[in-house]
Structures are given as structure tokens and as C-alpha cells.
Amino acid sequence: MKVLIVDNSGIIPATNYGGIERVIWGLGKELSKLGHEVVYLVKPGSTSDFAKVLPLDPNRDLISQIPDDIDIAHFSHTPLYPVNKPFIVTIHTNPPTDEVLDINTVFISKNHAKRFGSSTYVYNGLDWDDYPNPDLDKKRTYLHFLGKAAWKIKNVFGAAKIALDSGNSLHILGGEKWTFRNFKRGLKYTLNPKIIFRGMVNNQTKMDIIQYSKGLVFPVIWHEPFGLAIVESMYAGCAVFGTKNGSLPELITPEVGYTGNNAQEIAKGIKEFEYNPKKCHEYAVKHFNSKVMTASYVKLYEKVIAGETINDEIPKYIESENIIPKFS
């Protein structure tokens, strides 16, 4: 099978930071190991030692850049024009409510799919060989936040409140301290010595920091489609504590973390949790690896190549399933 993987949002390999690029990198590598031919159509500057890389030209029609000899194309965004090859689309975020999705759309968690009237999803998987081996015996003395702190939906100051209420300090990875937004939204947390902003960090630094952390505080105030920060933190031996929004309740089992309805519940969960770094690490390695993800995608590729559709109907936004409870 010759598979074209298309993404116009970043450069591969993305070994420093992560995101969709890490997911499609692991997917391509595993496909190659299985004997499939892989071609990436991605931003210029990308390289791969196991796949052919075609530089995506933003000034040309995307569809015209698809090679004639591929068996299936795998998009990370819904194509704007008809594609004359079998294809699937993985939606990695929450699309606009009025976006017209394709019938061969795949979501990245059960909740993500349900909110659009679908039952088709594949959990994101990462190539853990690209990550440093965590020391699971290290003494863990704080909590951490991992994500784009500038995004209000990630609720970094909610995380700060929860950490302080649970009697812990919080290391924030993914945000700068002295910004206007920090002053506007949480001066008391910005100036608190127990809230430490670590800025944007590369993969090695990230793992160095979080392997000393007891857990990730992740009180998102949107329906998180998946949450790579969750599984990366578990890999490092951290428990995860968050809201019940989006994918969190299905990813975070009682053995590896806790989800609550408000800050008070989550803080209480942090204080009462029985921490087991090894169990968290093993859970992430077993369930959220690129090999498991790739096997699921191969089944979908074969289905579409055979002329079947992934969904019985075109997925559509369901308002009642997308209501977000107020965080307090």
C-alpha cells in the first residue's frame, strides 16, 4: 500500500515540541515498518529517513500536488476540493460548528466523535523511542501544567488555583511569565513564588522537568479532543488531574489520575491520590503508542480502498453534546 500523509501545519520531524507533527511522524514510521510505502506532503524543510518527502507549495492547489500512484491519502484537515483518490481525514481539533466534514472523517477520542454524531475514532499514539527514558524512582515534589498557557481554554490560572489549594507548587511549561495577558488574568498567581513559569521548552527539557512532577494539572474549559500533554505526562510517570470535559474521563482512569467537576474536587483528588509513577508510565506506553494507532488506521485505509465509507452519514456538530459546564 502506498500512503500519502498530508499536513500543512508544521515541519517533520517534530522532535522538539510535539503536536500533530509527532503523531504523523510516528504513523509514517510504523507504516514503513509494516512494509507500506509512505510519502509525506508537508511544509518545506521537512525530512525523513524512512519516507519520501514532497514539499507542499502553498501557492498551488493542494489536490494537484497529490501523486497519481498513491493508494490512499491521509489528511490532517478537511480538503477544500474533491479528491480523486481514496482518502480519510483525521480531525485533530474541534472544527467550527459550521464546517462541512467529510464522510470519511476520523476523530481522536470517543467523546470527540460523539459530539459530531460519529463512532469512528483512533486514539493518538506517539513513538516513545523518540522520548528520553524517565527515571520513575525520582522523588517528585511539585505539580506541572503543560500546554499553550496563552489559550484561555487551557485554564492555566485554574491550574494554579488547584495546585495551591492542594498544597503544591506548580511548574508551567508552555507560557511566559511577564505578559499582558498574565497581568490581566491572574496577577496574584503570576507573582506567587510557588507558581513557576518555565516558558517554551524542547522535548528533553520538558521530560527533565516533568519526571520530578507528581502530576499534570489539566483543568481545560473546552472539550479537549484528545490531549497529548496527558499521555506525555503519564509516560513520564505523572498522574493527571483535570476536568470532566472532552476526552479526559475516558483517558484518565482512577489508577492514573482523577477528573472532577470543579477546582475544589480536583484539589481534593490530588491530595488523596495514591501515586504510582510506574503504573502511569506503563499505561501510556501500552495504550497510546504509534504501533497501536497505526494498526487502527491500516484497517480504515483498507476499508476506504475497498470502496466503503468510514461513517454511515456525514458527521455534523451536535449542539447538545457540546455544552461545556462552567468551571469554578
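Described in the following lines is the structure provided in the data block. Keep in mind that this is a model prediction, so the values were computed, not measured. (Residues numbered from 1 in each chain as written. Predicted model: local features only at pLDDT ≥ 70, side-chain atom pairs only at ≥ 80, totals over all residues. Heavy atoms only, no water.)

### Points about the overall build of the protein
Link 1 in the chain: Helix and strand content of the protein: ten helices and twelve strands.
Link 2 in the chain: Radius of gyration (C-alpha) of the protein: 20 Å, near the 20 Å computed for a compact globule of 328 residues.
Link 3 in the chain: Overall, the C-alpha framework of the protein stretches about 60 × 45 × 40 Å when taken along its three principal axes.
Link 4 in the chain: Within the protein, the proportion of its 328 residues that are buried is 54%.
Link 5 in the chain: Long-range contacts, defined as pairs at least 24 residues apart, comprise 65% of the intrachain contacts of the protein with a sequence gap of at least 6. (Helix = DSSP H or I, 4+ residues; strand = E, 2+ residues; numbered from the N terminus. Rg over C-alpha atoms; globule rule 2.2 N^0.38 Å. Buried < 20%, exposed > 50% of the residue type's maximum accessible area, 1.4 Å probe, protein only. Contact = heavy atoms within 4.5 Å.)

### A short note on the packing of helix α1 (residues 20-33) against helix α10 (residues 290-305)
Link 1 in the chain: Two elements in contact, α1 and α10, have axes separated by 9 Å at closest approach and are oriented at 75°. On the basis of their axis angle, the class for α1 and α10 is roughly perpendicular. Only S290, K291, M293, T294, Y297, V298 and Y301 of α10 make contact with α1, whose side of the interface consists of V23, G26, L27, E30 and L31.
Link 2 in the chain: Residue composition of the contact of α1 with α10, by class: seven nonpolar, three polar and two charged. (Axes fitted to C-alpha atoms, helices over the stretch in contact; angles between N-to-C directions. Parallel < 35°, antiparallel > 145°, perpendicular 65-115°, else oblique. Nonpolar A, V, L, I, M, F, W, Y, C, P; charged D, E, K, R; others polar.)

### Observations concerning the packing of aromatic side chains
Link 1 in the chain: Applying the stated criterion to the full structure yields 18 aromatic pairs.
Link 2 in the chain: With 6.5 Å between their ring centres and 10° between their planes, W25 and Y40 make a pair best called stacked. Here W25 is found in helix α1, whereas its partner Y40 is found in strand β2 (residues 37-42), with 15 residues between them in sequence.
Link 3 in the chain: Using a relative accessible area of 10% as the deciding quantity, one classes W25 as buried.
Link 4 in the chain: Among the residues examined, Y40 registers a relative accessible area of 0% and is labelled buried.
Link 5 in the chain: Ring centres of Y123 and F288 lie 5.7 Å apart, and the angle between their planes is 70°; on these two criteria the pair is classed as edge-to-face. (Phe/Tyr/Trp six-rings, centres within 6.5 Å; stacked < 30°, edge-to-face > 60°.)

### Overview of the environment of H74
Link 1 in the chain: On the secondary structure map, H74 appears in strand β4 (residues 72-75).
Link 2 in the chain: Considered as a pair, H74 and S48 are 26 residues apart in the sequence and their alpha carbons are 17 Å apart.
Link 3 in the chain: Among the polar contacts made by the side chain of H74, one reaches the side chain of Y301 at a distance of 2.6 Å. (Polar contact = N/O pair within 3.5 Å; in protein donor to acceptor, adjacent residues only side chain to side chain.)

### Some points on helix α5 (residues 203-210)
Link 1 in the chain: Listed as buried for α5 are N203, K206, M207, I209 and I210. Take α5 and look down its axis: the buried residues cluster within an arc of 160°, on one side only.
Link 2 in the chain: The distance from a side-chain oxygen at the start of α5 to the backbone nitrogen of Q204 is 3.3 Å, and the residue carrying that oxygen is N202. (Arc of directions from axis to C-beta.)

### Description of empty space enclosed by the protein
Link 1 in the chain: For the coordinates displayed, the defined rule picks out one cavity of 30 Å³ or more.
Link 2 in the chain: Space inside the largest cavity adds up to approximately 40 Å³.
Link 3 in the chain: In terms of lining residues, the largest cavity is bounded by V23, I24, L27, H74, F75, S76, T90, H92 and Y297.
Link 4 in the chain: Mapped by element, the contributors of at least two residues to the lining of the largest cavity are α1 and β4.
Link 5 in the chain: Residue contributions to the lining of the largest cavity peak at three residues, all from α1.
Link 6 in the chain: Class assignment for the residues of the lining of the largest cavity results in five nonpolar, four polar and no charged. (1 Å grid on protein atoms, 1.4 Å probe; cavity = no way out; pocket = protein on both sides within 12 Å on 5 of 7 lines; lining within 4 Å. Points joined across faces, edges and corners; volume = space filled by probe spheres on them.)

### Details of the environment of V23
Link 1 in the chain: Considering the arrangement of structural elements, one finds V23 in helix α1.
Link 2 in the chain: Residue V23 is classed as buried on the basis of its relative accessible area, which comes to 4%.
Link 3 in the chain: The sequence separation of V23 and N289 amounts to 266 residues, and the corresponding C-alpha distance is 9.5 Å.

### Structural notes on the sheet that holds strand β3 (residues 52-55)
Backbone-to-backbone hydrogen bonds pair the strands of a sheet. The strands run either parallel or antiparallel.
Link 1 in the chain: Ordered in space as β3-β2-β1-β4-β5-β6, the six strands form an open sheet in which the pairing is parallel. Each edge of the open sheet carries a strand with a single partner, namely β3 and β6 (105-106).
Link 2 in the chain: Note: β2 against β3, four bridges, orientation parallel. Note on β3: the bridge partner recorded for Y40 is V53.
Link 3 in the chain: Here α1 sits on the sheet in contact with β1 (2-6), β2 and β4, set at roughly 160° to β2. (Pairing = 2+ DSSP bridges.)

### Observations regarding helix α8 (residues 263-272)
Every α-helix winds through 3.6 residues per turn, so residues three or four apart in the chain are directed the same way.
Link 1 in the chain: Along α8, the residues that are buried comprise A263, I266, A267, G269 and I270. The buried residues of α8 all sit within an arc of 155° when viewed along its axis, so they share a single face. Across α8 from its buried face, at more than 90 degrees, point the exposed residues Q264, K271 and E272.
Link 2 in the chain: Check the buried side of α8 and you find it contacts β7 (142-146), α3 (156-165), β10 (213-218), β11 (239-243) and β12 (257-260).
Link 3 in the chain: Measuring from the side-chain oxygen of the N-cap residue of α8 to the backbone nitrogen of Q264 gives 3.2 Å; that N-cap residue is N262.

Any link to function would need more than the numbers given here.
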